[in-house]
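Descriptive analysis of the structure
As a plain string of letters, each chain reads:
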Amino acid sequence: MGNMNNMLIVFSFILLLGTSAAFCPSKCTCDGDKYLRASCVDAGLEVVPIQLNPEVKSINLAKNLITSVHYTLSFYMSLEKLDLSQNRIESLGGKNFEYQYDLGVLDLSRNLVGSLGKDAFRGLKKLRALNLSDNFIEGIHSNAMADLVSLVELDLTNNRIISFEDSTFQNLSALEVLLLENNQILEVPTSNLLYCHQLRHLDLTRNFIESVRNESFLGLRHLEHLELDDNVIKDVDVDAFTGLVALTWLDIADNNLTVMPTVQLSKLSNLTNLSLSGNSFSYLPAVALLNLFNLRELHLDRLERLTRIDSRAFVDNTHLQLITLDANPAFCDLPPRLFHGNPNLVDISMRSNGLMTLDAIQFPLDRLRRLHLAENPLECNCSLLWLWRLVHEEEATDVGAEAAATGETLTFDRDAITCDVLEDNVRTRRRLIDMSEGEIQCPARLVTIVCAILTVLLVTMAGVSVVLYVQFARRRKRMIEERKNVNERIVPQQIDKMELERYLQAQALTSEYRTLRPWEIPIKEADREEPDHYEKFDYFDHRRMPPPKAAPAPHVVYV
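Calculation notes
- Residues numbered from 1 in each chain as written.
- Predicted model: local features only at pLDDT ≥ 70, side-chain atom pairs only at ≥ 80, totals over all residues.
- Heavy atoms only, no water.
- Phe/Tyr/Trp six-rings, centres within 6.5 Å; stacked < 30°, edge-to-face > 60°.
- Helix = DSSP H or I, 4+ residues; strand = E, 2+ residues; numbered from the N terminus.
- Buried < 20%, exposed > 50% of the residue type's maximum accessible area, 1.4 Å probe, protein only.
- Disulfide = S-S within 2.5 Å.
- Core = buried A, V, L, I, M, F, W, Y, C linked by side-chain atoms within 4.5 Å.
- Polar contact = N/O pair within 3.5 Å; in protein donor to acceptor, adjacent residues only side chain to side chain.
- Contact = heavy atoms within 4.5 Å.
- Salt bridge = Lys/Arg side-chain N within 4 Å of Asp/Glu carboxyl O.
- Pairing = 2+ DSSP bridges.
- pLDDT = per-residue confidence, 0-100.

Here the focus is the packing of aromatic side chains. Summed over the entire model, instances satisfying the criterion amount to five aromatic pairs. Centre to centre, the rings of F97 and F121 are 6.5 Å apart; their planes meet at 25 degrees, and the pair counts as stacked. Residue F97 is located in the loop between β4 (81-83) and β5 (105-107), and its partner F121 is located in the loop between β6 (115-116) and β7 (129-131); the two are separated by 24 residues in the primary sequence. Across the pair, F121 and F97 agree in class, each one buried. Summarising the aromatic geometry, the rings of F164 and F169 are spaced 5.1 Å apart at their centres and angled 50 degrees between planes, so their arrangement reads as tilted. Taking relative accessible area as the criterion, F164 reaches 12% and is therefore assigned buried. Grouping aromatic residues by their ring pairs yields a cluster made of F339, F363 and W386.

Following the criterion strictly, the structure yields three disulfides and no others. Here C28 pairs with C40 through a disulfide, and the sulfurs are 2.0 Å apart. With the S-S dihedral at roughly 120 degrees, the linkage between C28 and C40 falls on the right-handed side. Linking C28 in the loop between α1 (2-19) and β1 (29-30) with C40 in the loop between β2 (37-39) and β3 (58-60), this pair joins segments that are twelve residues apart in sequence.

Let us look at the nonpolar core. In terms of nonpolar packing, the biggest core is built from 122 residues, with F121, F217, F241, F339 and F363 touching the most fellow members. For this core, the elements supplying multiple residues, two or more each, are α5 (385-391) and β25 (418-423). In terms of residues, this core owes the most to one element, α5, which gives six residues.

Within the secondary structure layout, N279 lies in the loop between β16 (273-275) and β17 (283-284). Judged by its relative accessible area of 4%, N279 falls in the buried class. A distance of 3.0 Å separates a polar side-chain atom of N279 from the backbone oxygen of L276. Those residues in contact with N279 that lie beyond four places of it in its chain are I252, A253, D254, N255, N256, L257, R302, L303 and E304.

Our next topic: the environment of L223. Secondary-structure assignment places L223 in the loop between β12 (211-212) and β13 (225-227). In the structure, L223 is positioned 27 residues away from C196 in sequence and 9.9 Å away in space, judged by C-alpha atoms. Aside from chain neighbours lying at most four places away, what touches L223 is L199, R200, H201, L202, L244, A246 and L247.

Applying the stated rule across the entire model yields 16 salt bridges. K57 is the salt-bridge partner of E80, the closest N and O atoms lying 3.7 Å from each other. One end of the pair, E80, is in the loop between β3 and β4; the other, K57, is in the loop between β2 and β3, with 23 residues separating them in the sequence. Two residues, D102 and K126, come together in a salt bridge whose shortest N-O distance is 3.2 Å. Within this pair, whereas D102 is found in the loop between β4 and β5, its partner K126 is found in the loop between β6 and β7, the two being separated by 24 residues in sequence. Given a relative accessible area of 34%, D102 falls into the partly exposed group.

Further remarks concern unusual backbone geometry. Although it is not a glycine, K27 sits at a positive phi angle of roughly 65 degrees. You can call K27 exposed: its relative accessible area is 62%. One non-glycine residue, E215, adopts positive backbone phi at about 60 degrees. Within the secondary structure, E215 is located in the loop between β12 and β13. For E215, a relative accessible area of 40% gives the class partly exposed.

If you walk across this open sheet you meet the three strands as β23-β25-β26, and the pairing is mixed. The outermost strands of the open sheet, each flanked by one partner alone, are β23 (378-379) and β26 (426-431). Pairing of β23 with β25 involves two bridges; the strand directions are parallel. Each residue of the ladder has a partner; that of L378, found in β25, is C419.

For the protein chain, the mean per-residue pLDDT works out to 84, and 79% of the residues sit at or above 70. The low-confidence segment residues 1-22, where pLDDT is below 50, has nine contacts with residues more than four positions distant or belonging to other chains.

As structure tokens, this is what we get:
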């Protein structure tokens, strides 16, 4: 019975070969034998038609009701392009493409495919582009893509992939574009990326990646475009981007970075486009983008916590041409020379920030070609006079076609620039283009009052200084005169040399020491004598004893 069925299928196929060359199904368009193309877009088909020319090279079956491709594609072995997008295919089965040896482009996007089995793409060794976006793919067998040795572009955007088996991309050595946007991937698939040596574009946008580890992209020496935006990245290791010598475009916007990854980005010496918008930076330090000398375009938008930027933040980015700093509500203070180290900067956008004052010196107006400053809470005072004049210049209000073509005229959102005016204690917002110069300049009365107050203060300070100096001079002069008078009253006495000699001799006589004579030795009282004992002068207390009376002189009788 099985052989009978096979024979019937073969017989039917032979009959179709003889009649299908001139047959085209209803609601389809066939180009005949010249182009060998058939289009059955939105034709209400529930199966792949088998009435088409067996030599057909391109079939477009988009927007139909097809639910399966089982046993229907084997009739078209010359196919080079097949579009089955926006159908209701739930499973690709196995070996349904094994006779499409020349198929180069296969579009299966916007279907209901939930998984890719072992032999889902068996035989497609010349396939160069495979689109599986907008399906419900959760799992991919490790051998599902084993025959896709020529695949250059793989689109798996908008699926439910969490991770890949380690050898899923083992044979995808020719892959250059890998799109994995909006899946549920938890980490960079490093083990599979190791096989994709020719990869040039990698999109991991809108996943659940928390960190980028060291050497996550090791071996991708040809990678030029890397998108990591809209993840939950909070950590980037020091060597996360090591080896990406050809990278020119990097998008890390809308993540949870709190500190500028200066060291990590410094490895990307050829980077030209960088987006760090939507992160949690509060401060951009000096030389924030170290070694990025080739950077042309920089986006720092939606940094809700950004409050300060160092005036030297962009000094290394000498080739910077465009910078956007939009929607940073906490950023209120623009450094005066922030852009003066960027000689090639021609495009600046600073809309929807918290800037209240602006000065002409803050912008390189001599070389700018575009400047956007709308939706800032600017104060309408004389500090904006330069901006008012710029808005009302004839060249700014009506940019000629020739000037716009050459790009030599400064253009900006002049109709949207507004400032706050205080009228009757009520703050109102007015467009700068609708205001007169008199409303922008500082009022004359206020200037006069300020000048008068400053003049009085200066005169007062000068008068006080003069008075203090005069008092100090007088006091100093009086002290000098008093010191002079004292010196004049002190007159040295005249000393007689002979009188001095006599005085010195008298002093010498009174101070001369001699041995006491016997009759001058003091004798103790009789009641205190101690027989047979020598007198001990050590027991005398000279402080208590009265001075000794002089012994009477001996009576000398002269014979």
